[in-house]
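Structural description and commentary
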Amino acid sequence: MATYDYDLFVIGGGSGGVRAGRLAGAMGKRVGLAEEYRMGGTCVIRGCVPKKLFVYASQFQEHFDAAAGYGWTVGETTFDWPTLIANKDREITRLEGLYRKGLDNSEVEIFESRAVLIDDHTIEILKTGKRVTADQILIAVGGHPSPHPSLPGNEFCISSNEAFHLDALPKAIVIEGGGYIAVEFANIFHGLGVDTTLVYRGKEILSRFDQDLRHMLHAAMAEKGIHIRCTEIITKVERQEGGRKLVHLSSGDQIIADQVMLAIGRVPNTKSLGLEAVGVDVDDLGAIKVDDYSRTSRENIWAVGDVTNRVQLTPVAIHEAMCFLETVFKNNPTKPDHELIATAVFSQPEIGTVGLTEQDAAQKFKGIDVYRAVFRPMRNTLSGSTEKMLIKLIVDAASRKVVGAHILGPDAGEMAQLLAIPMKAGCTKEDFDRTMAVHPTAAEELVTMYKPSYRIVDGERID
Ligand code: NDP
């Protein structure tokens with residue numbers, strides 16, 4: 001039997017790669033891991049974590065505004081962008097250290113370099129030119145923001161990567177896209193006092209979410225003062241003297257902004273990895289093709305996370321990594337389960353969602369019952385805010401199972417996480433109904449909506 005330097009070599013030190021490397025090392029496997037940038041990957045370094053810190057920062061103005069109704073007088077407030085950036089960077093460095101420590105504790109050998117495949121069992125560490133061999137190889141190199149190659153002037157635009165490191169907070173920003181990143185950053189920048197315009201090609205933002213959530217979030221964002229321009233695209237970006245950007249829109253309108261941010265999706269990082277030479281197949285978008293167990297077209301080469309473009313979410317990459325370990329090192333073939341993934345959009349108000357949209361459920365099932373409550377959350381009563389909350393459950397009329405849950409409002413992400421448990425367990429609406437409410441909370445609506453707001457049978461709505 002051939003002997004290799006490592007039992008497992010991981011390319012990519014993001015959420016999926018680090019989890020696989022650390023746990024394989026803890027099992028006593030000889031593990032090498034190469035990361036060309038910083039340990040932690042998109043999520044920790046320039047994604048979920050710094051984004052959430054920015055979300056918190058951007059919410060303070062609303063808290064200050066709400067304070068008066070509760071009897072507080074808030075003095076003059078100012079915001080300092082460099083302070084936020086420095087504090088955020090410190091926290092990211094701390095987390096990066098923890099990731100590294102976890103690998104060190106599992107005796108994973110770290111290569112701070114780009115690594116490419118040479119053959120089925122050989123990897124070259126580009127920084128040193130050293131070649132190492134491994135029995136199993138895991139590719140977990142993630143993705144990067146699409147640079148929108150067809151957009152004239154895209155070189156004057158930023159992506160979420162740069163948004164985390166801007167020297168100065170722009171006075172005005174135009175963001176293109178209607179997905180997670182565009183919507184979250186539109187709210188962040190607006191909350192920090194930036195004149196914000198969102199340009200989206202479709203009819204309504206967040207195309208993959210429930211219509212109710214999409215419309216209500218759009219209305220709430222517009223009410224705050226975010227300019228949302230649907231059914232438009234940016235056709236050209238020009239740099240003006242002094243650095244401001246002139247943004248041309250398909251409608252013929254022009255906007256002048258300090259920054260233009262593109263958030264039109266992310267592309268798998270599969271270029272120049274040696275995949276072709278080794279025979280690892282990729283799809284039209286460049287994503288690595290894998291089977292149900294995350295195995296690529298090569299017997300001993302595996303891929304998890306965004307590079308496979310299955311579901312681009314951190315917990316999914318981690319789950320896929322755990323399944324990979326079961327399959328490869330624990331003799332327990334395990335397919336990642338991509339059903340009923342709870343997700344949040346950290347917009348303001350926030351979205352939390354699990355399962356099918358009303359539209360998808362109505363297509364999938366003969367009949368569905370929709371339970372829907374729109375109300376003013378209690379915290380908005382004294383604050384004077386008119387912002388409404390939505391809680392909505394979709395129930396398959398035949399099995400009575402709750403197949404979709406959609407929330408817009410404070411802490412919606414937290415609720416989605418908890419709702420995912422009974423939904424994963426296959427609970428019925430009657431299970432929800434016999435659950436005691438926690439009062440007074442917004443979440444109690446989840447267990448107190450006894451009558452359907454409407455039904456949809458064979459695609460027909462019945463009120
Ligand atoms: P998304 O896929 O969410 O959204 C991409 C957006 O860009 C869509 O609105 C899409 O429109 C639009 N678009 C695509 N191509 C073009 C084009 N050529 N011109 C104009 N618009 C275009 O991607 P994001 O970049 O927002 O985020 C990437 C991924 O990262 C997400 O899918 C998500 O999985 C993950 N993420 C998760 C977060 C979370 O969990 N909270 C936060 C941030 C990111 P259309 O809808 O019409 O296709």
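The name an unreviewed UniProt entry gives the chain is Glutathione reductase, with Phyllobacterium myrsinacearum as the organism. Note on the chain: under the UniProt heading Function (unreviewed entry), the record states "Catalyzes the reduction of glutathione disulfide (GSSG) to reduced glutathione (GSH)." The chain has a UniProt comment under Subunit (unreviewed entry) that states "Homodimer."

**Considerations on the site of the ligand**
Among the 21 residues in the neighbourhood of the ligand, the closest are listed as I181, S207, R208, Q312 and A344. The separation between an oxygen atom of the ligand and a polar main-chain atom of G265 is 3.0 Å. Within the backbone of A344, an N or O atom sits 2.8 Å from a nitrogen atom of the ligand. With the chains in place, 79% of the 910 Å² that the ligand exposes on its own is no longer accessible.

**Considering the UniProt feature "binding site: FAD" (unreviewed entry) in the chain**
UniProt tags K52 and D306 as "binding site: FAD" (unreviewed entry). Along the chain, the position of K52 falls in helix α3 (residues 48-58). Note that D306 resides in the loop between β16 (301-303) and α10 (314-329). You can call D306 buried: its relative accessible area is 18%. Beyond its immediate chain neighbours, meaning those up to four positions away, D306 contacts G142, G143, R266, P268, V311, Q312 and L313.

**Structural notes on the sheet that holds strand β9 (residues 195-199)**
Read from one edge to the other, the open sheet built from four strands follows the order β10-β9-β8-β14, with strand pairing classed as parallel. Edge positions in the sheet fall to β10 (227-229) and β14 (259-262), since each of these pairs with one other strand and no more. Taking the axes of each pair of neighbouring strands and ignoring which way they run, one obtains an average angle of 15° across the sheet. The pairing of β9 with β10 spans three bridges and is parallel. Its bridge partner lying in β10, V199 is registered against R229.

**Observations regarding the packing of helix α1 (residues 15-26) against helix α5 (residues 81-105)**
Remark: α1 packs on α5, axes separated minimally by 8 Å, with the N-to-C direction vectors making an angle of 30°. Viewed along their axes, α1 and α5 adopt a mutual orientation that is roughly parallel. The handedness of the crossing between α1 and α5 is left-handed. Across the interface between the two elements, V18, G21 and R22 from α1 touch Y99, G102 and L103 from α5. Here the residues of the contact of α1 with α5 sort into three nonpolar, two polar and one charged.

Rules and cut-offs
- Residues numbered from 1 in each chain as written.
- Predicted model: local features only at pLDDT ≥ 70, side-chain atom pairs only at ≥ 80, totals over all residues.
- Heavy atoms only, no water.
- UniProt positions renumbered as here; feature names shortened; annotations may be inferred.
- Near = heavy atom within 4 Å.
- Polar contact = N/O pair within 3.5 Å; in protein donor to acceptor, adjacent residues only side chain to side chain.
- Areas by Shrake-Rupley, 256 points an atom, 1.4 Å probe, with all protein chains shown as cover.
- Helix = DSSP H or I, 4+ residues; strand = E, 2+ residues; numbered from the N terminus.
- Buried < 20%, exposed > 50% of the residue type's maximum accessible area, 1.4 Å probe, protein only.
- Contact = heavy atoms within 4.5 Å.
- Pairing = 2+ DSSP bridges.
- Axes fitted to C-alpha atoms, helices over the stretch in contact; angles between N-to-C directions.
- Parallel < 35°, antiparallel > 145°, perpendicular 65-115°, else oblique.
- Left-handed = near helix turned anticlockwise from the far one by under 90°.
- Nonpolar A, V, L, I, M, F, W, Y, C, P; charged D, E, K, R; others polar.

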